[in-house]
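# An overview of the molecular structure
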Amino acid sequence: MKNSLGLILAVVAAAILIVLYSALFSVYQTQQALVLRFGEPVRVIEQPGLNVKIPLVDSVIFVDKRILDLENPSQEVIAADQKRLVVDAFARYRIVNPLRFYQSVGSIEGANSRLATILNSSLRRVLGESTFTEVVRDQRENLMARIRDQVNREAAGFGISVIDVRIRRADLPEANSQAVFQRMQTERQREASEIRAQGGEAAQTIRSRADRDSTIIVAEANATGDKLRGEGEAQRNEIFAQAYGRDKQFFDFYRSMQAYEASMKSGDTRMLLTPDSEFFRFFNNPAPTAPAPASAGAAPAAPAN
């Protein structure tokens, strides 16, 4: 009897412990919990810690509160300028309303499926209104912001907040890439040829202006040189005339010495003259030097030989 009573008490204690254990649950920092009673939501727990539920009546669904990723497969989009683009995009989102999330999509897999459909629709809508250049280069940041806002508005009904949408890659299909590359290369070559032609024209203009300026400068320099030479010749002739007027005999002697020097230089010019010609008069009969002043009682100077 005592053994049976002890066994019953042990079973009851164990059952009580099991019930108490099943009545407790923990919510971690990265989670938020939704308490269901017979399948109907009764409570949302967003703060981490130890919580209580009714055993065998209440059930708990844990929802991740971290930022989640949505990887969208690549798809073709037609831009506003009728160019096909292969777009690879992804989104990041967070569950902000666990009750609405549970009631609308039920799970993260269901949320990813619904968000992927919304993201694809928004990509086609926004990129379809933009040109290839705007998508690839000019307006990429603005377009991603517009897509994020549209997806976030539609995802709010699922208890989801879309944090960011990014276009990882937006390229032309492989079949069109080579043709576009060739066209871009041809346009760049044409622009380079135009720039080179403009540069050649500018260089020719600069060279023509420089040649004209140099011709003018040389002509002015020659004119100035001729003028200075003429003035120098005039001064020289004036000096010669003054010298001739002062001492005609010395001037004749000086000019004859210059003529001798010029005629006796090495060269091909030859002259046949008799020794008694007028040209050699200073060799045959040099001009007598002026007599020195006579001193008292001195004899007259002897004539030169």
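Here's what I pulled together on the structure shown here.

Cut-off values and rules
- Residues numbered from 1 in each chain as written.
- Predicted model: local features only at pLDDT ≥ 70, side-chain atom pairs only at ≥ 80, totals over all residues.
- Heavy atoms only, no water.
- Patch = residues over 30% accessible without salt bridge, like charges linked within 9 Å, V, L, I, M, F, W, Y side chains within 5 Å.
- Areas by Shrake-Rupley, 256 points an atom, 1.4 Å probe, with all protein chains shown as cover.
- Salt bridge = Lys/Arg side-chain N within 4 Å of Asp/Glu carboxyl O.
- Helix = DSSP H or I, 4+ residues; strand = E, 2+ residues; numbered from the N terminus.
- Buried < 20%, exposed > 50% of the residue type's maximum accessible area, 1.4 Å probe, protein only.
- Pairing = 2+ DSSP bridges.
- Expected span 1.5 Å × (residues − 1).
- 1 Å grid on protein atoms, 1.4 Å probe; cavity = no way out; pocket = protein on both sides within 12 Å on 5 of 7 lines; lining within 4 Å.
- Points joined across faces, edges and corners; volume = space filled by probe spheres on them.

Here we take up a nonpolar patch on the surface. A contiguous nonpolar surface patch, about 370 Å² in accessible area, is contributed by Phe250, Phe253, Tyr254 and Met257. As for its placement among the helices and strands, Met257 is situated in helix α7 (residues 248-263). Judged by relative accessible area, Met257 falls into the partly exposed class, the value being 32%.

What follows concerns the pairing of strand β2 (residues 31-37). Within β2, 5 of the 7 residues are buried, leaving the element largely enclosed by the surrounding structure. Summarising the sheet, β2 and strand β3 (residues 40-45) pair through 5 bridges and their orientation is antiparallel. The residue bridging Arg37 from the neighbouring strand is Glu40, located in β3. Adjacent in sequence and paired antiparallel, β2 and β3 are bridged by 2 residues, among which Phe38 carries a positive phi angle near 55°.

With that settled, the discussion passes to the pattern of salt bridges. Overall, the coordinates contain 17 salt bridges when judged by the stated rule. One salt bridge connects Glu194 with Arg190, and the closest N-O pair in it is separated by 3.2 Å. Here Glu194 pairs with Arg190, and both are found in helix α6 (residues 174-246), just 4 residues apart, close to one helical turn. Residue Arg190 is classed as partly exposed on the basis of its relative accessible area, which comes to 45%. One network of salt bridges, with partners in common, ties together Glu71, Asp88 and Arg168.

Taking 1.5 Å per residue, 20 residues should reach 28 Å; helix α3 (residues 108-127) reaches 27 Å between its end C-alpha atoms and fits that length. Burial in α3 covers these residues: Ala111, Leu115, Ala116, Ile118, Leu119, Ser122, Leu123, Val126 and Leu127.

Of the pockets and cavities examined, the largest pocket occupies roughly 310 Å³. The wall of the largest pocket is formed by 10 residues, among which Phe132, Thr133, Arg137, Met184 and Arg188 lie closest to the centre. Elements supplying a minimum of two residues to the lining of the largest pocket: α4 (132-138) and α6. No other element matches α6, which puts 5 residues into the lining of the largest pocket.

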